[in-house]
Amino acid sequence: MRIDVLTIFPEYLDPIRAALLGKAIDKGLISVDVHDLRDWTHDVHKAVDNSPYGGGPGMVMRPQIWGDALDQVCAGDPAPRLVVPTPAGRPFTQALAHEYAAEPRLVFACGRYEGIDQRVIDDASTRMRVDEVSIGDYVLVGGEVAVLVMVEAVVRLLPGVLGNPRSAAEDSFSDGLLEGPSYTRPEVWRDLAVPEVLLSGNHRLIDRWRRDQSLERTLHRRPELLEALPEEAFDKHDRAL
Ligand code: 6GU
């Protein structure tokens, strides 16, 4: 997979080369190129923004610079999927992470200030798939951190990135539920014992217990996730909730 990121703060994306993602780069599973949007400015001040038409606070990123940058970075075949992080976007979910993990090329366009002139998105949409995406219901200063979040969620799904593929298969959200608690040695720590069933060696019982823990945790923390599941997602042993 090839990933390009356009930003006015390229150094913000430095963590991409660390840890898990760095290993994926070293293994040749992904290539990541971070581009400085100001390379496409023409004036001495390298201005990327201007005041909004219609008035109001903040600044809007100018369309010409973004247009030229995207023409160059998105060139080639196949056209990439373009992802524009914005708090006004559709939610980034595990399902969308799986979709992105199947793409050969992703381009992330990081806006700052009050966003990017909408015509940039409208124009790009005539040539490629464009998603305006939000990582949650809060407001960040810019899209850079959201890109780190999305790239990490996507890249860990690529074959060969995680040591154990079961880690991705058994994630929270893979069955629409939150994962329950985990324990390791010692059996008792500060007077707290590991739940006995986990020491029983009875895997049918252990699976049942884990399922109950998932259901309970999801009910308390994210009831809307349970509501969203179809009737078939529940087995006859699932506790009456
Ligand atoms: Cl993707 N960008 C910004 N700037 N703020 C956000 C966001 C994205 N998702 C949630 N808040």
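Keep in mind that this is a model prediction, so the values were computed, not measured. (Residues numbered from 1 in each chain as written. Predicted model: local features only at pLDDT ≥ 70, side-chain atom pairs only at ≥ 80, totals over all residues.)

Student: Would you mind going over the domain arrangement of the protein chain with me for this structure?
Tutor: The parts lose accessible area when they come together, and the size of an interface is often stated as this lost area. We note that the domain assignment places domain 1 (2-155) and domain 2 (172-233) within the protein chain. For domain 1 and domain 2, the distance between their C-alpha centres works out to 37 Å. (Domains from an automatic or database assignment.)

Student: Help me understand the site of the ligand, please; the structure alone is not making it clear to me.
Tutor: Around the ligand lies a shell of 14 residues, among which Pro 85, Pro 87, Ser 134, Leu 140 and Ala 146 are the nearest. Ranked by the residues each element gives to the shell around the ligand, the list is headed by strand 5 (residues 81-91), at four residues. Of the residues that constitute the shell around the ligand, the class distribution is eight nonpolar, six polar and no charged. (Near = placed C-beta within 6 Å. Helix = DSSP H or I, 4+ residues; strand = E, 2+ residues; numbered from the N terminus. Nonpolar A, V, L, I, M, F, W, Y, C, P; charged D, E, K, R; others polar.)

Student: Could you clarify how one ought to interpret the sheet that holds strand 5 in this entry?
Tutor: Sheet strands associate in pairs through backbone hydrogen bonding, adopting either a parallel or an antiparallel arrangement. Taking strand neighbours across the sheet as the criterion, the five strands line up as 2-1-6-5-7 in an open arrangement whose pairing is parallel. Looking along the sheet, the strands with just one partner apiece sit at the ends: strand 2 (31-36) and strand 7 (130-134). Between one strand axis and the next, the sheet turns through 30° on average, direction left out of account. Of the strand pairs in this sheet, strand 5 and strand 6 (residues 105-109) are connected by three bridges, and their pairing is parallel. Within strand 6, the position partnered with Arg 81 by the bridge is Leu 106. (Pairing = 2+ DSSP bridges. Axes fitted to C-alpha atoms, helices over the stretch in contact; angles between N-to-C directions.)

Student: Can you help me understand the UniProt feature "binding site: S-adenosyl-L-methionine" (unreviewed entry) in the protein chain in this one?
Tutor: Within the UniProt annotation, "binding site: S-adenosyl-L-methionine" (unreviewed entry) is assigned to Gly 111, Ile 135, Gly 136, Asp 137, Tyr 138, Val 139 and Leu 140. With respect to the secondary-structure elements, Ile 135 resides in the loop between strand 7 and helix 5 (144-155). By the C-beta count within 10 Å, which is 21 here, Ile 135 ends up buried. Ignoring any residue separated from it by four or fewer positions in sequence, one finds Ile 135 in contact with Phe 92, Ala 146, Val 149 and Met 150. With respect to the helices and strands, the residue Gly 136 is situated in the loop between strand 7 and helix 5. Overall, Gly 136 belongs to the exposed group, with 11 C-beta atoms counted inside 10 Å. (UniProt positions renumbered as here; feature names shortened; annotations may be inferred. Buried ≥ 20, exposed ≤ 12 C-beta atoms within 10 Å, placed from the backbone. Contact = placed C-beta atoms within 7 Å.)

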